[in-house]
Amino acid sequence: MVNPGNIPVTRQCCLPDREHHRDHHLHAHRDQRQREENFRHGHRDRTDRSGLTYTHEDATYYAGVRITDNPVATITGDAPLTYTVNPALPSGLTLNPTTGAISGTPVAVTAQGTYTVTATNAVIASSTTRDLKITVAATPISFTASPTTLAPGSSTVLTWDANSVPGIFTAVTISATPADITLPATFTLAGTANVTPMVTTTYTLTATPAGGGAAITKTCLVLYGPGHGSHPEWQQRPGQQRSDRHPLWTPGVHPGRIQPAGCGHRHS
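These numbers were taken from a predicted model, which means no experiment stands behind them.

(A) Structural context of the environment of L221. Relative to the helices and strands, L221 is located in strand β15 (residues 216–224). You can call L221 buried: its relative accessible area is 12%. Put simply, L221 and C263 are 42 residues apart on the chain and 6.1 Å apart in space, counted from C-alpha to C-alpha.

(B) Representation of the pattern of salt bridges in the model. Inspection of the entire model under this criterion finds one salt bridge. The partner of E57 in a salt bridge is R130, and the shortest N-O contact between them spans 2.9 Å. One end of the pair, E57, is in the loop between β1 (52–54) and β2 (58–62); the other, R130, is in strand β8 (residues 126–137), and 73 residues separate them in sequence. On the basis of relative accessibility, which here comes to 25%, the residue R130 falls in the partly exposed class.

(C) Spotlight on the pairing of strand β7 (residues 110–121). Bridge count between strand β4 (residues 82–86) and β7: five bridges; the pairing is antiparallel. Looking at the pairing, T82 lines up with T120 of β7. The sheet contact formed by β7 and β8 spans 10 bridges and is antiparallel. Looking at the pairing, T114 lines up with K133 of β8. Between the antiparallel neighbours β7 and β8 lie four residues, among them A125 with a positive phi of about 55 degrees.

(D) Local environment of the state of the cysteines. Applying the stated criterion to the full structure yields one disulfide. The disulfide partner of C220 is C263, and the S-S distance across this bridge is 1.8 Å. Judged by the torsion about the S-S bond (110 degrees), the C220/C263 disulfide is right-handed. One end of the pair, C220, is in strand β15; the other, C263, is in strand β16 (residues 262–267), and 43 residues separate them in sequence. Accessibility expressed as a relative area gives 0% for C220, which makes it buried. Note on C263: relative accessible area 36%, which makes it partly exposed.

(E) Spotlight on the sheet that holds β2. Strand order in the open sheet formed by four strands is β2-β8-β7-β4, and the pairing between neighbours is mixed. Edge positions in the open sheet fall to β2 and β4, since each of these has one partner strand only. Averaged over all pairs of adjacent strands, the angle between strand axes in this sheet comes to 30 degrees, irrespective of strand direction.

(F) Looking closely at the sheet that holds strand β11 (residues 156–161). Strand order in the open sheet formed by three strands is β9-β11-β13, with antiparallel pairing between adjacent strands. The strands lining the two open edges of the sheet, one partner per strand, are β9 (142–146) and β13 (190–195). Ignoring which end each strand starts from, the neighbouring axes of this sheet average 15 degrees apart. Of the pairings in the sheet, the one linking β11 to β13 comprises six bridges and is antiparallel in character. Within the sheet, the bridge partner assigned to D161 lies in β13 and is A190.

The rules behind each value
Residues numbered from 1 in each chain as written. Predicted model: local features only at pLDDT ≥ 70, side-chain atom pairs only at ≥ 80, totals over all residues. Heavy atoms only, no water. Helix = DSSP H or I, 4+ residues; strand = E, 2+ residues; numbered from the N terminus. Buried < 20%, exposed > 50% of the residue type's maximum accessible area, 1.4 Å probe, protein only. Salt bridge = Lys/Arg side-chain N within 4 Å of Asp/Glu carboxyl O. Pairing = 2+ DSSP bridges. Disulfide = S-S within 2.5 Å. Axes fitted to C-alpha atoms, helices over the stretch in contact; angles between N-to-C directions.

Scope: geometric values only; no functional claims are made or implied.
In structure tokens form, the structure reads like this:
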């Protein structure tokens, strides 16, 4: 007779199928949680990289000048991603909701502001953010004429500078309406030119932005005539009597359409 207490018992070496599936599910859930946590903290596979960065994160742009696109430099997280920004970018600038790139032409001077871009993965309900600083400064270009009122045979000096901020403009041209044979044919980004118009003349400077987009133009009106009145910015029309109550008129121009001498600024 065999005593049951003397029979060795060997335990099974493998888990039941249902326990194996449970462990697999737990591991998959843990891995999913880890991916979400990595995205929220701006790193993947336990690295320490920032989740979202831009090529230019403290940028100064210029009113009327198309910017060089500012793309996402790095992004950590699984696609698909969508991008939003708060508050809205300065007028004229846009954020691509698919790529995150910032582009456009700012419209007006805007003080430095902080803009928060958020990249969101709706599938795993996770997001990462990046703060950008953006300033829109005045267009860095000047164009003047001195003097702006000429007696017959007199000259004026045109002075311009489209290179006060290097790299913004690549070329400059100056034209005259009507044509002025004393105006040079070629121009550097900054310089001067002595001109002697024979009639009232508008000089137009056109600067080409390095980033493309519309050209920037500035104009100077130089008045020409035989005399100067109590209002030196106007010219006297032949036969017109001087008066302290009315400005003097440029020759051949109707008083209702006359413009003061000087220089202005516009975008093409």
